[in-house]
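Secondary and tertiary structure notes
Chain by chain, the residues:
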Amino acid sequence: MNSETDSRADSGADSGAGSSEGDYRVYNNFYGPQYHGRAHFGIATAERPGRARATGLLDGDEIDALLRSYIRPDCFDDAASELSRTGIVVLTGPQGTGKRSGAVALLRETVGPSADYVVLSPDIGLDQLAERTFDAGVGYVVLDRTGTAATTGAAGAAGSAATTADAAGPSSDFDWRRVRDQLRRHHAHLVITTVHGVAGRSPKAVRHLAWRPPVLDKVVRARLVQARIPQEVVDRAVAGIPPRCPIAVVADAAQRIAAGADPDQAWKEHSGSAPQAVQEWFGAEEERSLREIAEVTTLAFAPGIGRRAFESLQDLLERLLGPVYFTPEGGSGAAADGAMAPDAAGQAAAPEGQDPQPRRRARPVDRRRSLSRNALIATEMQVYGATTREVMVFADSELRRWVLQALWRDHPTEYWDAVRHWLEALVAADPDPALQLSIASGLTLLGHIAFDEVVQSYLDPWARGESGEIGQTLAVYVLWYMCLEETQAAAALTLARTWAQSLHPTLRGTALIAFSGQLGVTFPTDAVKWLWAVLRTCALENHEEREHGLRAWAQLFLTLVDCQEDAGIVLDALAHRIRKERRTRSAAYSATGLLVLETTLWIFTATERLSGRPAVARYVADRPEEADVVAELWAAVLCYRPLRRSALSALLVTVRGLHAVTSDPTAAAARLGHALAAALPQVEHPLLTSELGRLAVSRPTRATGPDCVAALLGAMNRVKDTEPR
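Residues numbered from 1 in each chain as written. Predicted model: local features only at pLDDT ≥ 70, side-chain atom pairs only at ≥ 80, totals over all residues. Heavy atoms only, no water.

This next bit is on the overall build of the chain. Each helix and strand in the chain was counted, giving 31 helices and 14 strands. Expressed as a percentage of its 725 residues, the buried residues of the chain come to 54%. When the accessible area of the chain is evaluated, it comes to approximately 32,000 Å², of which 49% is carbon and sulfur surface. (Helix = DSSP H or I, 4+ residues; strand = E, 2+ residues; numbered from the N terminus. Buried < 20%, exposed > 50% of the residue type's maximum accessible area, 1.4 Å probe, protein only. Areas by Shrake-Rupley, 256 points an atom, 1.4 Å probe, with all protein chains shown as cover.)

One finds Phe301, Leu443, Phe515, Leu519, Phe557, Trp634 and Leu676 to be the most contacted residues of the largest nonpolar core, which totals 158 residues. The element contributing the most residues to this core is helix H18 (residues 468-483), with 11 residues. Excluding residues within four positions of it along the chain, Leu443 makes contact with Phe301, Leu423, Val454, Tyr458, Trp462 and Val478. By size, the runner-up hydrophobic cluster in this structure holds 26 residues, among which are Cys75, Leu83, Leu106 and Leu143. (Core = buried A, V, L, I, M, F, W, Y, C linked by side-chain atoms within 4.5 Å. Contact = heavy atoms within 4.5 Å.)

The next thing to look at is the sheet that holds strand E6 (residues 88-92). Taken together, six strands build an open sheet; the order of strands is E5-E7-E8-E11-E6-E12 and the sheet is mixed. Only two strands of the sheet have a single neighbouring strand rather than two, namely strand E5 (56-57) and strand E12 (208-210). With four bridges joining them, strand E8 (residues 139-142) and strand E11 (residues 189-194) adopt parallel strand pairing. Across the sheet, residue Val142 finds its bridge partner in E11, namely Ile192. Across the sheet, helix H3 (residues 99-111) touches E6, strand E7 (117-120), E8 and E11, and the angle it forms with E11 is around 165°. (Pairing = 2+ DSSP bridges. Axes fitted to C-alpha atoms, helices over the stretch in contact; angles between N-to-C directions.)

Evaluation of the coordinates by the stated rule reveals 35 salt bridges. We note a salt bridge from Arg464 to Glu466, for which the minimum N-O separation is 3.3 Å. Residues joined by salt bridges that share partners form a network here, namely Arg291, Asp315, Glu318, Arg319 and Arg367. (Salt bridge = Lys/Arg side-chain N within 4 Å of Asp/Glu carboxyl O.)

A few words now on helix H15 (residues 413-428). Over its 16 residues, H15 runs 22 Å from end to end, which matches the ideal 22 Å to within 8%, given 1.5 Å per residue. Regarding H15, the residues found buried are Tyr415, Trp416, Ala418, Val419, Trp422, Leu423, Leu426 and Val427. Buried positions along H15 lie against helix H11 (290-301), helix H12 (307-325), helix H14 (399-410), helix H16 (433-447), helix H17 (451-463) and H18. At the exit of H15 stands Asp430, carrying a positive phi of roughly 60°. (Expected span 1.5 Å × (residues − 1).)

Even without being a glycine, Arg228 presents a positive backbone phi close to 60°. You can call Arg228 exposed: its relative accessible area is 77%. A positive phi angle is found at Asp430, which is not glycine, with a value near 60°. Inspection of the secondary structure assignment puts Asp430 in the loop between H15 and H16. You can call Asp430 exposed: its relative accessible area is 54%.

Here we come to the pairing of E6. Counting buried positions over the five residues of E6 gives five, a clear majority of the element. On E6, burial covers both faces: Ile88, Val90 and Thr92 on one face and Val89 and Leu91 on the other are all buried. Bridge analysis of E6 against E12 gives three bridges, and the strand direction is parallel. Residue pairing across strands places Val90 opposite His208, the latter belonging to E12.

Looking now at the side chain of Ser457. Counting through the fold element by element, Ser457 comes out in helix H17. Judged by relative accessible area, Ser457 falls into the buried class, the value being 15%. When near neighbours in sequence (up to four residues on either side) are disregarded, Ser457 contacts Arg420 and Asp452.

Now for helix H24 (residues 568-584). For H24, built from 17 residues, the straight-helix expectation of 24 Å at 1.5 Å per residue is met to within 8% by its first-to-last C-alpha distance of 24 Å. Within H24, burial applies to Gly568, Ile569, Val570, Leu571, Ala573, Leu574, Ala575, Ile578 and Glu581. On its buried side, H24 packs onto helix H22 (524-539), helix H23 (543-562), helix H25 (591-604), helix H26 (615-622) and helix H27 (627-638).

Burial along E7 is two-sided: Tyr117 and Val119 facing one way and Val118 and Leu120 facing the other are all buried. Relative to E7, E5 runs antiparallel, the two being bridged by two bridges. In the sheet register, Leu57 faces E7, and the bridge partner there is Val118. With four bridges connecting them, E7 and E8 associate as parallel partners. Residue pairing across strands places Val118 opposite Tyr140, the latter belonging to E8. Between E7 and its parallel partner E8, the chain crosses via helix H4 (residues 126-131), and the hand of that crossover is right-handed. (Right-handed = clockwise from strand over helix to strand, strands pointing away.)

If you walk through the whole model with that rule in mind, you get 12 aromatic pairs. Here Tyr477 and Trp480 contribute two aromatic rings whose centre-to-centre distance is 5.9 Å and whose plane-to-plane angle is 45°, an arrangement assigned as tilted. On the criterion of helical spacing, the pair formed by Tyr477 and Trp480 is a turn pair, its members being three residues apart in helix H18. Its relative accessible area of 1% is what places Tyr477 among the buried residues. Between Tyr589 and Tyr640, the ring centres sit 6.1 Å apart and the planes meet at 85°, which makes this aromatic pair edge-to-face. Residue Tyr589 is located in the loop between H24 and H25, and its partner Tyr640 is located in the loop between H27 and helix H28 (641-656); the two are separated by 51 residues in the primary sequence. On the accessibility criterion, Tyr589 (24% relative accessible area) is partly exposed. (Phe/Tyr/Trp six-rings, centres within 6.5 Å; stacked < 30°, edge-to-face > 60°.)

Here the focus is the packing of H23 against H26. Between H23 and H26, whose axes approach to 10 Å, the crossing angle comes to 45°. Of the possible angle classes, the one that applies to H23 and H26 is oblique. Considering the relative orientation of H23 and H26, their crossing is left-handed. Taken together, the residues of H26 that come into contact with H23 (itself represented by Phe557, Leu558 and Val561) are Ala615, Val616, Arg618 and Tyr619. Its residues assigned to classes, the contact of H23 with H26 shows six nonpolar, no polar and one charged. (Parallel < 35°, antiparallel > 145°, perpendicular 65-115°, else oblique. Left-handed = near helix turned anticlockwise from the far one by under 90°. Nonpolar A, V, L, I, M, F, W, Y, C, P; charged D, E, K, R; others polar.)

This part covers the packing of H17 against helix H19 (residues 489-500). To characterise two packed helices, one gives the angle between the axes of the helices and the distance between these axes. H19 packs onto H17 with a crossing angle of 40° between their chain directions and a minimal axis gap of 12 Å. Here H17 runs over H19; the crossing is right-handed. Residues Phe451, Val455, Leu459, Asp460 and Ala463 of H17 form the contact with H19, whose participating residues are Ala491, Leu495 and Trp499. Its residues placed into classes, the contact of H17 with H19 shows seven nonpolar, no polar and one charged.

Right under this line is the structure:
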């Protein structure tokens, strides 16, 4: 995880992009698996530090990891036959049935192990598939396709992000037929997985096959035998498989056992049912008190904080939960223990006609003693530099999600209304970044079992700005956490897309933030698509929204460069629009073309927060093969006179920053100069070299080392001298 600010470089010149001087908000970008309150988000291995891009070309290591010791289920041959015959098959079934590995195995069976496998966006529509140009001999897969997004709400605001299957009927069958014919025309194959079946009658054109997992003991035996685990351990592992355990959990546990973990411990940590401690705590004969419920609820959303802060949050929650647990008798308003039932603020509500009385608590306030008796809660000493502090945590890292599941199962709507008011109060109090992340991670865990509750009660209202900027930030963090989980990433994309399509400006603004961070890392192609759609809409609204859109493009580029993902997707999209503009217009740029140039300048002036260096300098150094695209975009901006001064300043800062990001800065500068000379019209060469040279002299640098500006200008002059006159 890293902290990034929405910012632009101060180039020292007036910018045609119109940078702002207002306050900047800081967001924590997630570049790998996250741990909050000892809860783990994302999958990490020694080879792969965390889940990154979810679409694009599948690399060999990922394919090997998916298909290592793969066991075919009974339905495999039927699906393979259908894929070979028609070129497309849809696998339906709940999460955890092995559809992902099954899809890749089907492609390997049909198109061969040497073919390329490409993962498409889960948000792709049938019309997009029907119009897509597929590459011959390539296998395509759409994982967890979301179908048609169902949105509700007033004034175009996104409501529930629940997704449904494509509607059944003649139109659906026609769309599926178009997709099938397009694949046949290009000699390609496509496997789609989804948790949503087709409503009503399945389309005749494309087979929708219910996917079933393989026999679990065969999966465990195959993996452990391949790892040469002793037979006695293999038998214990097979005997310990929990009932109704998802195939993904079985495979992960088998991998841990193969690495040396004890089978009993591995199954305990990966059990598909609540740990015994949670079952016993919630199933105790004596009903849990308000204070005990408040303890586990507070910890579920705010783990890892100190005692004083924890007790303050717990006290606030108890006041809001009071009306749920103080039951009036005979309509008199008296609580079951003789105390007045407290109102929403925690104060005793006296019956009409009587003087208010001080609230009498059911028990003396001794939260620390109560916490010490709670079997689900423990304390932990955390080291901060030279000091340590005591924080509240669950006794076991796995308890958090199971506690949330038990709370959702056993408690009424009134309880969850109180929790919502409590979380809204925390948001209004401007919590520190650590508490913001804890709340977001808790809502992400709750979303596994109550996604509609999380969306309707928290994400949509917060994304609309009903709880201010902090609420917006938390809504974004929840989506970013969801991206770290394979089972929730597609839902996060669909929800952000509904915000981007909304008529509500604040919802669109929240979508911009979401797509410029972890969501953009996971689905970069979708991020570019929706950032451009929102930017074009914002450009027609007002200057502030336009600037937010431009900043989001720059932030996405920064994020992709920082986490070493393919930031070229951003530049390629802009270069494509520049080329299209040149083909269709012979004179001045259109409004769309000018927006592309302005976006490009924002990207080229975006700086890393800690170093202050332009992100494009690192990109040029790390990806020398992309110098031509960078130069093409820079040439377009330099040739547009209203932005030329800012573009020259950005180029100077970038070239001077190369020495800090590569061991051979002069080679990188020369490579960029050579590409820039090829991209610029010949008439621009002497003008650019003269202006850039004068600008470098007027802005001397204290940096020592090779003169990268001279290397760039020298390369440009060499190209100019070799060109025919």
